[in-house]
Structures are given as C-alpha cells and as structure tokens.
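These are the residues of each chain, in order.
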Amino acid sequence: MDRILEQWRQARPDLDVGAMGPLGRLSRVSHHVSRRMAETFARHGLNAAGFDVLATLRRSPPPHALSPGALMASMMITSGTMTNRIEQLAKAGLVTRTSDRADARRAVVQLTPKGFDLIDRAIADHVQTQAALLSGLSDQDIARLDTLLRALLESVGEGD
C-alpha cells in the first residue's frame, strides 16, 4: 500500500491521497477477514448468510424464535433474501417455520435442536477465528481500533 501511495504522490502530486492508505488497508483486511470467516462457516456446513440467521435466532431469548420481519430488521436484508435463507435452513432441518400461536397470519422461525447444536459449535469456532485474526494486536489496540471503526461507521451513516 505504501508503494502505491508513493506512486500516486509522484504521478499526481496535486491530489491528496491520504485517505487512500487507510481505506485500501481496510479493504484488504475486509477481504482477508471475509475469507477466514467463510472458511470457519464452511467447516460447519454453513455460509455467512446461514450463519447470520442461525446466530440471530440463537442470541434471541428462548425459545430462540423470531418472525421473518424481526429477522429482516436485525439483519437489514430484503424479504426475498430472507425467505430464501429461511427455506434453505429449513430444508437442512436447522429451523422450522410455523404459524404464530397468537396470530395465525404471522410466521415464526425457530431453531430446531439440530440448528441450536450447530450454531453453538459454529459460534465457538467463529469467536476463536475472530480472536486469531486480532491476535497481533494488544487489548488496548483492539479497543482503540473498535473506537475508530465505530466513528468511521457513524461518519458514513452506518452507526451501531
């Protein structure tokens, strides 16, 4: 990245390429992190989308069930995308989709025992992968990075 920045400084000294370094590095880190996470999910027969649905259900209170609308809101995806994810997970026996007892017009997506066991194993592996990815940083560095990334997300309109 430093070489690229220096090349741009020589080729276009009129441009302030200061943002190019951090954003280029952030892009490279994002690609590496995504690849490592995909490897972790694949060890459990999942992809990122399936993991996301199962993890969202697992961290919800027992009985680990949410409406498709609540899942969509928590994951910020379209209804068509959510329907496809739910159908794939249901085919694998990881979730069920039933009518809400209080309102039969509403559906509820719930983890099956198989889904619960799978996401518990996958999340433990996921947390280890995340720790390994940050193992080159001190606890203080991680806290500082988290603060800076939170501020960056807020500045681009994607706050926590």
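None of the values given here were measured: they were computed from a predicted structure.

Rules behind the numbers
- Residues numbered from 1 in each chain as written.
- Predicted model: local features only at pLDDT ≥ 70, side-chain atom pairs only at ≥ 80, totals over all residues.
- Heavy atoms only, no water.
- Phe/Tyr/Trp six-rings, centres within 6.5 Å; stacked < 30°, edge-to-face > 60°.
- Helix = DSSP H or I, 4+ residues; strand = E, 2+ residues; numbered from the N terminus.
- Salt bridge = Lys/Arg side-chain N within 4 Å of Asp/Glu carboxyl O.
- Buried < 20%, exposed > 50% of the residue type's maximum accessible area, 1.4 Å probe, protein only.
- pLDDT = per-residue confidence, 0-100.
- Contact = heavy atoms within 4.5 Å.
- Pairing = 2+ DSSP bridges.
- Axes fitted to C-alpha atoms, helices over the stretch in contact; angles between N-to-C directions.
- Polar contact = N/O pair within 3.5 Å; in protein donor to acceptor, adjacent residues only side chain to side chain.

A. Broad picture of the packing of aromatic side chains. Evaluated as defined, the whole model comprises one aromatic pair. Measuring from centroid to centroid gives 4.3 Å for Phe-41 and Phe-51, while their planes differ by 20°, and the two rings are stacked. Within this pair, whereas Phe-41 is found in helix H2 (residues 20-42), its partner Phe-51 is found in helix H3 (residues 48-58), the two being separated by 10 residues in sequence.

B. Region of interest: the pattern of salt bridges. Throughout the structure, instances matching the rule amount to seven salt bridges. Put simply, Asp-14 and Arg-12 hold a salt bridge, and the shortest N to O gap is 2.6 Å. For Arg-58, the salt bridge is made with Asp-120, and the minimal N-O distance between the two is 2.7 Å. Separated by 62 residues along the polypeptide, Arg-58 in helix H3 and Asp-120 in helix H6 (residues 113-133) bring together distant segments of the chain. Given the relative accessible area of 26%, Arg-58 is considered partly exposed.

C. Structural detail: the confidence of the model for the protein. Overall, the predicted model of the protein reaches an average pLDDT of 92, with 98% of residues at or above 70. In the model of the protein, helix H4 (residues 68-75) stands out as the element of lowest mean pLDDT, 85, in contrast to H6, which has the highest, 97.

D. Fine view of the environment of Leu-57. In this structure, Leu-57 sits in helix H3. Look at Leu-57 and you get buried, because its relative accessible area is 0%. Taking the C-alpha atoms as reference points, Leu-57 and Thr-78, separated by 21 residues in sequence, lie 17 Å from one another. In contact with Leu-57, other than residues within four places in its own chain, are His-64, Ala-65, Leu-66, Leu-71, Val-95, Val-109, Gln-110 and Leu-111.

E. Expanded view of the sheet that holds strand S3 (residues 107-111). One open sheet holds the three strands; their spatial order is S1-S3-S2, and the pairing between them is antiparallel. Both edges of this open sheet fall to strand S1 (65-66) and strand S2 (95-99), since each of them pairs with a single strand only. Here two bridges tie S1 to S3, and the two strands are oriented antiparallel to one another. Bridge pairing in S3 places Leu-66 opposite Val-109. Seen against the sheet, H3 touches S1, S2 and S3 and runs at an angle of roughly 90° to S3. Across the sheet, helix H5 (residues 79-91) is in contact with S2 and S3; its angle to S2 comes to roughly 115°.

F. Molecular detail of the side chain of Ser-60. Turning to its location among the elements, Ser-60 is positioned in the loop between H3 and S1. Within the local environment of Ser-60, its side chain forms a polar contact with the backbone oxygen of Leu-57, the two atoms lying 2.6 Å apart. Excluding anything up to four places from it in sequence, Ser-60 contacts Ala-65 and Leu-66.

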